[in-house]
Protein chains: 4
Amino acid sequence: MRMGMIGVGRMGGDMVRRLLKGGHECVVHARRPSSMEPLVREGALGAAPLAELVSLLPKPRVVWLMIPAASVDRVIADIAPLLDAGDILIDGGNSHYHDDIRRCDELRDRSIHYLDVGTSGGVWGLERGYCLMIGGEREAVQYLDPLFATLAPGRGAAPDSPGRSDSGSSAERGYLHCGPSGAGHFVKMVHNGIEYGMMAAYAEGFNILAHANIGSQERETDAETTPLRDPRHFRFELNLADIAELWRRGSVVSSWLLDLTARALAAGQGLERFSGQVSDSGEGRWTVATAIEAGVPAPVLATALFQRFSSRGEADFADRLLSAMRYEFGGHHEKSTSGEG
Amino acid sequence: MRMGMIGVGRMGGDMVRRLLKGGHECVVHARRPSSMEPLVREGALGAAPLAELVSLLPKPRVVWLMIPAASVDRVIADIAPLLDAGDILIDGGNSHYHDDIRRCDELRDRSIHYLDVGTSGGVWGLERGYCLMIGGEREAVQYLDPLFATLAPGRGAAPDSPGRSDSGSSAERGYLHCGPSGAGHFVKMVHNGIEYGMMAAYAEGFNILAHANIGSQERETDAETTPLRDPRHFRFELNLADIAELWRRGSVVSSWLLDLTARALAAGQGLERFSGQVSDSGEGRWTVATAIEAGVPAPVLATALFQRFSSRGEADFADRLLSAMRYEFGGHHEKSTSGEG
Amino acid sequence: MRMGMIGVGRMGGDMVRRLLKGGHECVVHARRPSSMEPLVREGALGAAPLAELVSLLPKPRVVWLMIPAASVDRVIADIAPLLDAGDILIDGGNSHYHDDIRRCDELRDRSIHYLDVGTSGGVWGLERGYCLMIGGEREAVQYLDPLFATLAPGRGAAPDSPGRSDSGSSAERGYLHCGPSGAGHFVKMVHNGIEYGMMAAYAEGFNILAHANIGSQERETDAETTPLRDPRHFRFELNLADIAELWRRGSVVSSWLLDLTARALAAGQGLERFSGQVSDSGEGRWTVATAIEAGVPAPVLATALFQRFSSRGEADFADRLLSAMRYEFGGHHEKSTSGEG
Amino acid sequence: MRMGMIGVGRMGGDMVRRLLKGGHECVVHARRPSSMEPLVREGALGAAPLAELVSLLPKPRVVWLMIPAASVDRVIADIAPLLDAGDILIDGGNSHYHDDIRRCDELRDRSIHYLDVGTSGGVWGLERGYCLMIGGEREAVQYLDPLFATLAPGRGAAPDSPGRSDSGSSAERGYLHCGPSGAGHFVKMVHNGIEYGMMAAYAEGFNILAHANIGSQERETDAETTPLRDPRHFRFELNLADIAELWRRGSVVSSWLLDLTARALAAGQGLERFSGQVSDSGEGRWTVATAIEAGVPAPVLATALFQRFSSRGEADFADRLLSAMRYEFGGHHEKSTSGEG
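The shown structure was predicted, so the numbers you read here are calculated from the model rather than taken from an experiment.

Cut-offs used in this document
- Residues numbered from 1 in each chain as written.
- Chains lettered and ligands numbered in written order.
- Predicted model: local features only at pLDDT ≥ 70, side-chain atom pairs only at ≥ 80, totals over all residues.
- Heavy atoms only, no water.
- Helix = DSSP H or I, 4+ residues; strand = E, 2+ residues; numbered from the N terminus.
- Buried < 20%, exposed > 50% of the residue type's maximum accessible area, 1.4 Å probe, protein only.
- Contact = heavy atoms within 4.5 Å.
- Buried area = accessible area lost by both parts, 1.4 Å probe.
- Salt bridge = Lys/Arg side-chain N within 4 Å of Asp/Glu carboxyl O.
- Least-squares fit on C-alpha atoms with pLDDT ≥ 70 in both.
- Expected span 1.5 Å × (residues − 1).
- Axes fitted to C-alpha atoms, helices over the stretch in contact; angles between N-to-C directions.
- Parallel < 35°, antiparallel > 145°, perpendicular 65-115°, else oblique.
- Left-handed = near helix turned anticlockwise from the far one by under 90°.
- Pairing = 2+ DSSP bridges.
- Domains from an automatic or database assignment.
- Polar contact = N/O pair within 3.5 Å; in protein donor to acceptor, adjacent residues only side chain to side chain.
- Nonpolar A, V, L, I, M, F, W, Y, C, P; charged D, E, K, R; others polar.
- Right-handed = clockwise from strand over helix to strand, strands pointing away.
- Phe/Tyr/Trp six-rings, centres within 6.5 Å; stacked < 30°, edge-to-face > 60°.
- Lys NZ or Arg CZ within 6 Å of the ring centre and 35° of its normal.

> Tell me about the environment of Ala315 of chain C, and please be specific about residues and values.
Within the fold, Ala315 of chain C resides in the loop between helix 13 (299–311) and helix 14 (316–330). Assessed through its relative accessible area of 4%, Ala315 of chain C is described here as buried. As a C-alpha pair, Ala315 of chain C and Leu260 of chain C span 55 residues in sequence and 29 Å in three-dimensional space. What Ala315 of chain C contacts, discounting residues up to four positions off in sequence, is Pro297 of chain A, Asn207 and Gln307 of chain B together with Ser310 of chain C.

> I'd like a description of the interface of chain B and chain A, backed by residues and values.
How big an interface is tends to be reported as the loss of accessible area on association of its parts. Contact with chain B, which involves 94 residues of that partner, is made by 94 residues of chain A. Each partner contributes to the roughly 7800 Å² buried at the junction of chain B and chain A, and carbon and sulfur atoms together form 69% of this total. Considering only the side of chain B, the residues that lose the most area to chain A are Ile208, Arg249 and Val252 of chain B, jointly responsible for 10% of the buried surface there. Here chain B and chain A share six salt bridges between them. The salt bridge partner of Arg164 of chain A is Glu245 of chain B, with a shortest N-O separation of 3.4 Å.

> I'd like to hear about the relation of the copies chain B and chain A, residue by residue, with values.
Rotating chain B by 180° about the axis while translating it 0.0 Å along that axis superimposes it on chain A, leaving an RMSD of 0.0 Å. Accordingly, the operation relating the two chain copies is best matched by a two-fold axis. Measuring from the rotation axis to each C-alpha of chain B, the shortest distance belongs to Ser255 of chain B, at 1.9 Å. In this assembly the copies share their binding face: 100% of the residues contributing to the interface of chain B also contribute to that of chain A.

> Account for helix 9 (residues 183–210) of chain D, with residues named and values stated.
Its 28 residues place the ends of helix 9 of chain D 40 Å apart at the C-alpha level, agreeing with the 40 Å of an ideal helix rising 1.5 Å per residue. Along helix 9 of chain D, 27 of the 28 residues are buried, which leaves the element largely enclosed by surrounding structure.

> Tell me about the packing of helix 9 (residues 183–210) of chain B against helix 11 (residues 256–266) of chain B, and please be specific about residues and values.
Residues and elements named next belong to chain B. Running from N to C, helix 9 and helix 11 cross one another at 45°; their axes reach a closest spacing of 11 Å. In terms of orientation, helix 9 and helix 11 fall into the oblique class. Considering only the axes of helix 9 and helix 11, their crossing is right-handed. Contact residues: Glu195, Met198, Met199, Tyr202 and Phe206 in helix 9; Leu257, Leu258, Thr261 and Leu265 in helix 11.

> Give me the sheet that holds strand 2 (residues 25–29) of chain A: which residues, what numbers.
With respect to topology, eight strands assemble into an open sheet ordered 3-2-1-4-5-6-7-8 (chain A), the strand pairing being mixed. The open sheet has two edge strands with one neighbour each: strand 3 (45–46) and strand 8 (175–179) of chain A. The sheet strands contacting helix 9 (residues 183–210) of chain A are strand 5 (88–91), strand 6 (113–120), strand 7 (131–135) and strand 8 of chain A, and the helix crosses strand 6 of chain A at an angle near 15°. The strands that helix 10 (residues 240–247) of chain B touches are strand 7 and strand 8 of chain A; relative to strand 7 of chain A, the one it contacts most, it runs at about 150°.

> I'd like a rundown of the domain arrangement of chain A, residues and numbers included.
Residues and elements named next belong to chain A. Under the domain assignment used here, chain A contains domain 1 (2–157 + 170–181) and domain 2 (188–238 + 275–330). Each partner contributes to the interface: domain 1 provides eight residues, whereas domain 2 provides six residues. Summed over both partners, the interface of domain 1 with domain 2 buries about 610 Å², with 66% contributed by carbon and sulfur atoms. By the criterion of area lost to domain 2, the three top residues of domain 1 are Asn94, His96 and Met133, representing 60% of everything that side buries. Put simply, domain 1 and domain 2 have three residue pairs in polar contact (both at pLDDT 80 or more) between them.

> Lay out the interface of chain C and chain A with the relevant residues and their values.
Each side of the interface is counted separately: chain C has 22 residues, and chain A has 22 residues. Buried area between chain C and chain A, summed over both chains or domains, comes out near 1700 Å², and the portion from carbon and sulfur atoms is 77%. The interface formed by chain C and chain A contains zero salt bridges. Applying the counting criterion to the chain C and chain A interface returns two residue pairs in polar contact (both at pLDDT 80 or more). Secondary-structure elements contributing two or more residues to the side of chain C that touches chain A are helix 12 (282–294) and helix 13 of chain C. No other element matches helix 13 of chain C, which puts seven residues into the side of chain C that touches chain A. Looking at the side of chain C that touches chain A residue by residue, the classes come out as 15 nonpolar, four polar and three charged.

> Tell me about the pairing of strand 4 (residues 62–65) of chain A, and name the residues and values.
Residue and element names in this part refer to chain A. Burial along strand 4 is two-sided: the residues Val62 and Trp64 and Val63 and Leu65 are all buried. Where strand 1 (residues 2–6) and strand 4 come together, three bridges link them in parallel fashion. Paired with Ile6 across the bridge in strand 4 is Leu65. A crossover connection joins strand 4 to the parallel strand 5 through helix 4 (residues 69–79); in handedness this β-α-β unit is right-handed.

> Describe the pattern of salt bridges, naming the residues involved and giving the relevant values.
Once the charged atoms of two side chains with opposite charge are near each other, the side chains can pair. Under the defined criterion, the tally for this structure stands at 104 salt bridges over all chains. One network of salt bridges, in which partners are shared, links Arg155, Asp160, Arg164 and Glu172 of chain A together with Asp242, Glu245, Arg248, Arg249 and Asp259 of chain B.

> Tell me what's going on with the packing of aromatic side chains, and back it up with residues and numbers.
In this structure the tally under the stated criterion is 36 aromatic pairs over all chains. On the basis of an interplanar angle of 90° and a centroid distance of 5.8 Å, the ring pair of Trp124 of chain C and Trp256 of chain C is categorised as edge-to-face. Of this pair, Trp124 of chain C sits in the loop between strand 6 (113–120) and helix 6 (125–128) while Trp256 of chain C sits in helix 11 (residues 256–266), and the two are 132 residues apart along the sequence. Trp256 of chain C shares its class with Trp124 of chain C; the two are buried. Following the ring pairs from residue to residue traces out a cluster consisting of Trp64, Phe148 and Tyr175 of chain A. Here Arg273 of chain B stacks its cationic end above the ring of Tyr327 of chain C, 4.7 Å away from the centre of that ring. Cation over ring: Arg308 of chain C sits above Tyr196 of chain C, and NZ or CZ is 3.7 Å from the ring centre.

> Now, about the sheet that holds strand 1 (residues 2–6) of chain D: what can you tell me, with residues and values included?
Residue and element names in this part refer to chain D. Read from one edge of the open sheet, eight strands run 3-2-1-4-5-6-7-8, paired in mixed fashion. Both outer strands of the open sheet, strand 3 (45–46) and strand 8 (175–179), are each paired with one neighbouring strand and no more. Pairing between strand 5 (residues 88–91) and strand 6 (residues 113–120): four bridges, direction parallel. Bridge pairing in strand 6 places Ile88 opposite His113.

Structural data, given as structure tokens:
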């Protein structure tokens, strides 16, 4: 199938590669034409103006956007007038699902199909395949099945679950039509919320392991520092890289994120190359905000999100206020004097 | 290698089976002799009195305990007098690591080696192998290497991590000498703490997915219920079983726990056979208590733990007190009147 | 000063009473005219049609809305055409501050001033005075100073803070112009967020006190229930009503919410009249959502909010999924079998 | 009543002053005799050797310890041999209640009474009175009633709660016999746990207020920073000192901690003199650990505690691991590249 890809950054570029490898034809477009060159060398057709991209596609045209969420509305405004009824626009980036619902309504007036495709896989997708969460009209989704099937990991990526051998769902192949417009990014959003929670669970656990030797260290013994009840309980020098590797085999916590954790720790278990200022993209935030709107408790996902904010210093004022209160009621200078309350 | 196994419940029994299959000889002992019968039919030697078990083992004797944590001290008191210097006792259950440190000290006086082996794998271990986290003296650990190697999943259970191809660690085979006495159960404890956090992350995320259709439902419109800002944002009927299956392939959140989640949802995505009163065994509690003792933040693991307590009704009084306060300051009857504050 | 009050529910009615007592004249309007009668008997002027209310007010007219947030836009649409340039509309209810910013923009075109006034005090405001958090144009705020001064508690409500004796701020009298449009409800929103956190802190603490006797009770001893390490540590029969009363005097946790807690517990410390399904009005949700939007960590406020959702059963599916996972990996039936992991 | 006070630091010294003012006689003892001098000038009797303190007290002797928790066992070991049957030892410091239960058992063999008295009030107690939470045998508690009544704030410190006018409890006067040995420190422990939660609620809320102007600031616009959806929603320059002062009057969140917050902010609302490394004394930790042991959910109190740990850098390794994982799956460099998952 011939399709157009707008945006050839890391994600878009590798998706084109995987599609080419799967026998599809790709017309690519990027703001900076030079960034298309490697893909053109690998078999893609480059289209510097948007109109050229459109002209190179057969009807119904299939145009996939793999660009920053903030640019999607602008690019849709540019390309929609060039499209015809029945053409299909796909937003494969990280849009908020509210925007999908709005865009789909707007494009319906022009009879242009709009699909939202949440895409997981990161830099590994080229090799592992992309997990695709798809929202929009069934007809358009079915038309694109050959593309989805090529991009997705395929059935062999995991053993079948018992009782589902004949489910008939494409989920077994790694892509799924989740529901009407917005459903794809909704599911992807929650996926990332879960990801934040899992990452925090590992991070907290390995942090405890990393502190298992504090009973061997000299500790300050001022009144502001609670002493260890029994230092002999904290005299383990644990090899975190080995433990991560160990847990990958046969344990309940084995996962792909643990595989990556093991890689990271294998490169030096102090992780000194990282400062610990953890970024968050929008989906983690949107997941928690959506849970709040829906009245659904999500304390673990929220706590994981807030820990990232704190890692960037955003709790500093709150912390100073705590110290100020302690000073007011107890005369406590930070790290200097006696008990509380 | 010939070894003795005390306790032939689900875990102990399957470990014996895996050892037998691996060419070892197992002498088994259980409180109720009848429970040994199946294993005897499969090739184990049964020993009704403890003394018989001891007599059937060559020196240095290897005795593995696979019994409830609450029984370990009693059984050690019974068997230690029957053992000789150089013999090896292994606690493979779920003991608190403080108890390991104490027991090891006590048994050292009799020159009996004591190892703590945290064991993950559950009902799947027979087939997948057991992930073994080992604490205690190096010499005894090395002596038991053949047993550990048989019980563990083995190198093929996961692809090697880059940069570790020649690590020389047994972690790649699924077992690890983590450190001195207590280290095994310490690492297993934190493993389970992480497990709680991961499980909560999935549970919260799927719960959000399960609520994605609330905009299609009739909602009460009294002043005690915050209305949805826009019901159109919550009109998805998501197939949770398909989504769990989907995420197993190529997504960032793929894991063994997700494999199990997919199985559970495949059997009926309402999960009506479960009441939602979630038990917790000790390790999750000990992980958080240990984090507190060490001054290490573990908010996600703690929140996951407390959610289990709440699921069993332990927050009920707190909730009633919240309603009582609301009544006092605002005259709010539960589910009846107006705004707050 | 003569003013108009639309909405004479608990809050609006008592505010009219406090204004009348302070020498102001109030014209009242309500959807159900009968609800105005008590206030008319106490000296207010009743106005059944909105136009009458407007006609009874001198210019610049002052119209205060004390109605459910969901009705504010509709009432503004009804009354704005009846108002003239320079008139002042006040929303004293629980609107989202985003709506204030929008409404102020819309009304500016008609030269109508719009103020948002977050109001705390509940059923106690008539007696204690209302704490008023005000947003909008300075000129209009200053014009209304006599009303605010009457509604607020006044300087004597709390001793001055050192170093502020000549602050010149009305804060000492219990009302404050916080900033431009939206600032009043923004500050009120965060106020309620803090309130949720404080309430949860008391609720959790008293719940721990309520469980101080569990070592005296028979406990199930199955493998799904972690036993108490030492039951002697939990054999206190604490008198919660006495403790709440005690802490009101000289302790660090004394507060008005504690005063109310003491009242509630004095009426029967089991709180059996409450079911524990805790409602939440919008502000707690908006506080956390706003924190997320701003990238500010608010884990305590979020946790307090989510606990309310859980109290209403919204975690049930998540809890069932946790039990389902435990069943899958360990064969754990809810409340029946053995250890984890 | 004549009593002995061991330990004349800030707390012990001021308690002696309040007792002297109330007409009691105090014999004081301190490790550094020079520290007793001010109290001796104010009317106390100084006793350099412990034996002298004992000899200056009538039987039954009353000896109050106001010393660091870590020193209590040592001082009891020193003084107990000097005491006689029927004498009363009081630990007024911050001991763990488990230690009280043990000490009471040990001293019972010598027929010495042991009381645990949790004391709240900090540097304000001299003026406001101390809130006393008392555990131990009723007879000894009753004997000391005159001391407790003098130290406590007294009935006037707060208005009576309705329905308790004739409760007959000393709670109305600010002291309470909570139960047998350990009950006093148990209640004080939970008191401090609540204190942590309340402090965190204020800190988070004021932190949100402090960020209300971020829409007026230049923000980085790289892909690792989620942009504000609408910067106009965050353009408030709020006066935090005024808001704290405001809320002290008529609002739901008024409290003594808020009074202190207002003082702290009045001295400079940037709080620049504080670094934000927040200490924690033991009680907050013990509260959460006790909740875990009892199976009682305390997510807000735990989160508040962990925030203090994080403020001291104890989450740093966890944060680095999060960044490492993000790098592994998405090639994300800290603060540099594109979306997640």
